[in-house]
Amino acid sequence: MGNMLANIFGSSPVMPLEKHVGLAYKCVSELRGFFAAAVTGNWEEASKFRSRIIELEHEADDLKKKIRLRLPKSLFMPVPREDLLELLLVQDKMANRAKDVSGIVFGRKMIIPPEIADEFVDFVDRNIDAAKQARKSVRELDELFTSGFRGAEVSLVESLLEELDQIETDTDDRQAALRASLFKVEKNLDPVNVMFLYKAIELTGEIADMAERVGRRLELLLSH
Amino acid sequence: MEAEFIYIGLAAVFGIFMAWGIGANDVANAMATSVGSKALTIKQAIVVAAVFEFLGAVLAGGAVTSTIRKGIVDSDLLVGSPELLIYGMLASLLAAGTWLLIASRNGWPVSTTHSIVGAIVGFAAVGIGIDAVQWSQVGTIVMSWVVSPLTAGFIAYLIYRSVQKLILSQDDPLAQAKRYVPVYIFFAAFTITLVTILKGLSHVGMEISLAASYLLATGIAVLIALVGMVAIQRIQPDPKIEKKQHFYTVERVFAVLMVVTACSMAFAHGSNDVANAIGPLAAVVSVAQSGIVGAKSALPIWVLIIGGAGIVIGLSTFGVHVISTVGKKITQLTPSRGFAAELAAATTIVIASGTGMPISTTHTLVGAVLGVGLARGIDAIDLRVVGRIFVSWVVTIPAGAFLAIVFFFIFKTVLP
């Protein structure tokens with residue numbers, strides 16, 4: 001009897017989800033330092049960033065599992081449990097992509113041709129921006145829950161998501177331009193390296209894609 | 001009548017035991033909502049509970065006490081043997097108290113009201129005869145156990161929806177909160193005061209006309225709302241925390257309101273659940289002193305004091321622990337949500353007290369919390385636990401009844 005009132009409250013997924021997106025963003029943001037070192041061929045410095053990325057990705061993964069365990073089917077929540085789990089999944093994928101791309105670049109000690117180095121770094125930055133905007137949007141989750149997914153708070157989140165969409169479109173444009181630039185210089189480069197450069201560009205671009213999917217999931221929550 | 005003192009002495013001890021159990025568990029649950037939302041500290045909660053439980057019991061607890069005391073057992077059948085009623089009421093008190101102790105030791109969710117009603121029905125039906133139970137009255141009580149959580153849930157839903165519409169979903173929730181929270185304070189104070197005046201005061205021998213009652217309730221409520229308004233105006237936003245949580249200051253405004261609803265909740269609880277301990281006690285005292293069943297005697301004030309004191313002792317010994325554990329676990333119940341649940345539950349309980357219905361305060365509060373949840377106000381509610389709570393009272397009634405029957409036959413053999 002002592003705890004019967006307390007036990008009807010399941011553990012709220014809201015703050016853990018916000019914490020998770022924070023970890024995912026932090027993981028992604030380490031790519032900035034990683035690529036700054038990689039384009040200059042400073043692999044010792046890059047390896048520090050690489051291990052930080054791996055560490056943060058693990059942390060995010062552990063938190064993801066913990067959140068899942070705390071969300072049994074018997075919970076009654078203002079929004080469908082499935083949507084929250086899906087949101088968690090795409091948040092986690094941002095971190096995964098950061099790990100993947102840093103893995104390819106670091107593992108192959110990939111040489112980024114100086115002709116496209118600046119453009120590449122800018123492209124990475126823009127993807128980090130997308131992840132940051134996704135974090136900013138998800139951090140409104142507690143306010144959304146407080147306001148019952150209604151009114152002014154919803155409009156606020158909608159405007160954040162609109163901005164996220166714009167950033168994602170921008171990364172798409174930059175991705176196309178970067179590929180074109182690489183195409184122009186590719187015949188002078190080692191073909192295998194070029195193949196993996198394309199792969200690295202693709203994986204980096206997926207960070208913004210995942211950020212956009214975080215936005216889509218949030219939008220779905222708003223429409224319930 | 002030598003036995004008189006034995007009967008009254010035993011009843012007083014059992015009554016304190018029962019009241020202690022209520023204070024340690026039920027009251028703690030009722031106050032934990034306010035502590036969990038940080039509207040009150042634990043110490044403040046205990047002071048509030050002690051004062052308002054007592055006021056509730058004295059001012060508005062008369063009707064429920066009289067239901068427990070003489071509404072369940074048909075006293076006409078006992079005119080020839082008044083001692084049976086004494087044994088039965090003693091047995092019921094001991095049974096309900098014992099069952100509460102066993103249940104709370106094991107962490108089972110049970111209700112004090114369900115145990116005592118089950119116990120009284122049990123001893124009457126088996127110890128005296130099936131006809132000794134006023135079944136129509138018992139039926140009404142059982143109905144009220146179903147209706148009260150539903151009513152509280154419905155009211156809580158409406159209140160919380162209004163909070164969302166008027167305050168939380170607005171562009172400037174803080175300004176809206178400062179404007180509307182005093183209105184909620186008014187309604188909280190008004191409902192409780194009005195029901196007390198209309199239904200309760202006659203039990204302490206005061207009669208006030210209907211118009212005067214409304215006027216008095218309005219006056220008191222306006223006064224309380226004004227005090228609340230001053231407190232609210234003094235709240236200044238903290239931009240640093242605001243940036244992280246836009247509703248931080250808004251919740252602080254609601255915390256003022258929650259102090260008022262916490263008082264209401266303690267008052268409501270006192271008006272309904274204290275009767276579980278002092279109703280049987282009062283019955284024993286009345287029969288033992290007069291020697292006849294159904295004597296029209298007023299409730300002695302020392303009986304009320306025993307009930308109030310037992311609850312305060314229970315609260316300050318074991319209740320403190322319960323409040324802090326429950327309070328820590330229900331942080332989801334922020335002031336804006338918690339007040340809606342408390343106000344809805346308190347209103348429902350006070351109305352039930354006014355009509356003499358012994359209901360479970362905890363179940364009513366659970367119903368209210370679910371109502372807030374249905375308005376999309378709670379992050380996560382565990383439906384398994386909710387199911388367990390509502391099933392638990394089905395078990396509690398036969399358990400209370402069984403123990404009461406055993407004790408009844410023991411007393412019948414042992415006591416003079």
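For every chain, the first residue of the written sequence is number 1, and numbering continues from 1 onward in sequence order. Chain letters start at A and ligand numbers start at 1, both assigned in the order the entries are written. Local features in this predicted model are restricted to residues whose pLDDT is 70 or higher, and side-chain atom pairs enter the listing and the counts only when it is 80 or higher, whereas totals over whole chains, interfaces and linings include all residues.

**Looking at the overall build of chain B**
And then number 1: The number of helices and strands found in chain B is 14 helices and one strand.
And then number 2: Since a compact globule built from 416 residues should have a radius of gyration of about 22 Å, the 22 Å found for chain B is in line with a globular shape.
And then number 3: Exposure in this text rests on C-beta crowding, where 20 or more other C-beta atoms within 10 Å of a residue's own make it buried, 12 or fewer make it exposed, and counts in between make it partly exposed. The C-beta atoms are placed from the backbone. In chain B, which comprises 416 residues, the share counted as buried stands at 61%.
And then number 4: We call two residues in contact whenever the C-beta atoms placed from their backbones are within 7 Å. Partitioning the intrachain contacts of chain B with sequence separation of at least 6 by distance along the chain shows that 87% fall at a separation of at least 24. Going along the chain from the N terminus, every DSSP run of H or I of four or more residues is numbered as a helix, and every run of E of two or more is numbered as a strand. Two things to know: the radius of gyration comes from C-alpha atoms, and the globule rule equals 2.2 Å times the number of residues to the power 0.38.

**Overview of the overall build of chain A**
And then number 1: The helix and strand tally for chain A stands at eight helices and one strand.
And then number 2: Listed N to C, the secondary structure of chain A is α-α-α-β-α-α-α-α-α in terms of helices and strands.
And then number 3: Projected onto its principal axes, the C-alpha coordinates of chain A cover approximately 75 × 35 × 20 Å.
And then number 4: Looking at chain A residue by residue over its 224 residues, the buried ones come to 46%.
And then number 5: Sequence separation of 24 or more characterises 86% of the internal contacts of chain A that already satisfy a separation of 6 or more.

**Quick notes on the interface of chain A and chain B**
And then number 1: Contacts between the two partners involve 30 residues from chain A and, on the opposite side, 40 residues from chain B.
And then number 2: Those elements that place two or more of their residues in the side of chain A that touches chain B are α1 (4–7), β1 (75–76), α6 (141–146) and α7 (152–185) of chain A.
And then number 3: Classification convention: Asp, Glu, Lys, Arg as charged; Ala, Val, Leu, Ile, Met, Phe, Trp, Tyr, Cys, Pro as nonpolar; all other residues, Gly among them, as polar. Considering only residue class, the side of chain A that touches chain B consists of 15 nonpolar, 11 polar and four charged.
And then number 4: Paired strands, in this sense, are two strands between which DSSP finds at least two bridges. Here β1(A) pairs with strand β1 (residues 381–382) of chain B via two bridges, running antiparallel. Its bridge partner being in β1(B), A:L75 is matched across the sheet by B:D382.

**Considering the nonpolar core**
In globular proteins that are soluble, nonpolar side chains generally tend to be buried together.
And then number 1: Think of a nonpolar core as buried Ala, Val, Leu, Ile, Met, Phe, Trp, Tyr and Cys residues chained together by C-beta atoms that fall within 7 Å. Counting residues in hydrophobic clusters, the biggest one holds 224 residues, and the most contacted among them are A:V28, B:M31, B:L90, B:A156 and B:V284.
And then number 2: Per element, the largest residue contribution to this core is 25 residues, and it comes from helix α10 (residues 248–290) of chain B.
And then number 3: Setting aside anything within four residues of it in sequence, one finds B:L90 in contact with B:L10, B:A11, B:F14, B:V284 and B:F411.

**Some remarks on the environment of B:A60**
Residues and elements named next belong to chain B.
And then number 1: Structurally, A60 can be placed in helix α2 (residues 42–60).
And then number 2: Among the residues examined, A60 registers 29 C-beta atoms within 10 Å and is labelled buried.
And then number 3: Counting along the chain gives 215 residues from A60 to A275, while the straight-line C-alpha distance between them is 10 Å.

**Side note on the confidence of the model for chain B**
Residues and elements named next belong to chain B.
And then number 1: Scored by pLDDT, chain B has a mean of 86; 96% of the residues are at 70 or more.
And then number 2: Every residue gets a pLDDT, meaning the predictor's confidence in that residue, from 0 to 100. At the low end of the mean pLDDT range in chain B sits helix α9 (residues 239–244), at 73; at the high end sits helix α6 (residues 135–168), at 93.
And then number 3: For this predicted complex, the interface confidence score (ipTM) comes to 0.82, while the overall pTM stands at 0.88.

**Side note on the packing of helix α1 (residues 3–36) of chain B against helix α13 (residues 361–374) of chain B**
All names here are of chain B.
And then number 1: Taken N-terminus to C-terminus, the directions of α1 and α13 make an angle of 25°; their axes are 10 Å apart at the nearest point. On the basis of their axis angle, the class for α1 and α13 is roughly parallel. Note that α1 runs across α13; the crossing there is left-handed. Of the residues in α13, those in contact with D26, N29 and A30 of α1 are T361, T362 and L365.
And then number 2: Of the residues in the contact of α1 with α13, the class split is two nonpolar, three polar and one charged. Fitted lines through C-alpha atoms give the axes, limited to the stretch in contact for helices. The angle between two N-to-C directions lies from 0 to 180 degrees. To sort the angles, those under 35 degrees are grouped as roughly parallel, those over 145 as roughly antiparallel, those from 65 to 115 as roughly perpendicular, and the leftovers as oblique. Left-handed describes a crossing whose near helix is turned anticlockwise from the far helix by less than a right angle; the clockwise case is right-handed.

**Quick word on unusual backbone geometry**
And then number 1: A positive phi angle, near 55°, is found at A:F149, a position not held by glycine.
And then number 2: Structurally, A:F149 is set in the loop between α6 and α7.
And then number 3: The backbone of B:R376 shows a phi angle near 60°, a positive value even though the residue is not glycine.
And then number 4: Here B:R376 is to be found in the loop between α13 and β1.
And then number 5: We classify B:R376 as buried; it has 20 C-beta atoms within 10 Å.

**Examining the environment of B:G291**
Residue and element names in this part refer to chain B.
And then number 1: Mapped onto the fold, G291 is located in the loop between α10 and α11 (301–329).
And then number 2: Residue G291 is classed as exposed on the basis of its C-beta count, with 11 C-beta atoms lying within 10 Å.
And then number 3: Along the primary structure G291 and E83 are separated by 208 residues, whereas in three dimensions their C-alpha atoms are 8.4 Å apart.

**Section: helix α5 (residues 112–128) of chain B**
Within an α-helix, residues lying three or four positions from one another point in the same direction, as the helix has 3.6 residues per turn.
All names here are of chain B.
And then number 1: Over its 17 residues, α5 extends 23 Å from the first C-alpha to the last, a length consistent with the 24 Å expected when each residue adds 1.5 Å.
And then number 2: A large share of α5 lies buried, amounting to 15 of its 17 residues.
And then number 3: Positive backbone phi, at 150°, marks G129, one or two positions downstream of α5. For a helix, the expected span equals 1.5 Å multiplied by the number of residues minus one.

**What to know about the packing of α2(B) against α10(B)**
Residue and element names in this part refer to chain B.
And then number 1: Contact geometry for α2 and α10: axes closest at 7 Å, N-to-C directions at 45°. Considered as vectors, α2 and α10 are oriented oblique to each other. Every pair of crossing elements has a handedness; the one defined by α2 and α10 is right-handed. For the pair formed by α2 and α10, the contact residues are V48, A49, F52, E53, F54, L55, G56, A57 and A60 on the first element and A262, C263, A266, F267, A268, H269, G270, S271 and V274 on the second.
And then number 2: For the contact of α2 with α10, a count of residues per class yields 13 nonpolar, four polar and one charged.

**Notes on the environment of B:T67**
Residue and element names in this part refer to chain B.
And then number 1: Within the secondary structure, T67 sits in helix α3 (residues 62–70).
And then number 2: For T67, a count of 22 C-beta atoms within 10 Å translates into the label buried.
And then number 3: Taking C-alpha positions, T67 is 8.7 Å from A275, a pair spaced 208 residues apart along the chain.
And then number 4: In this structure, T67 is in contact with G356 and P358, ignoring residues within four places of it in sequence.

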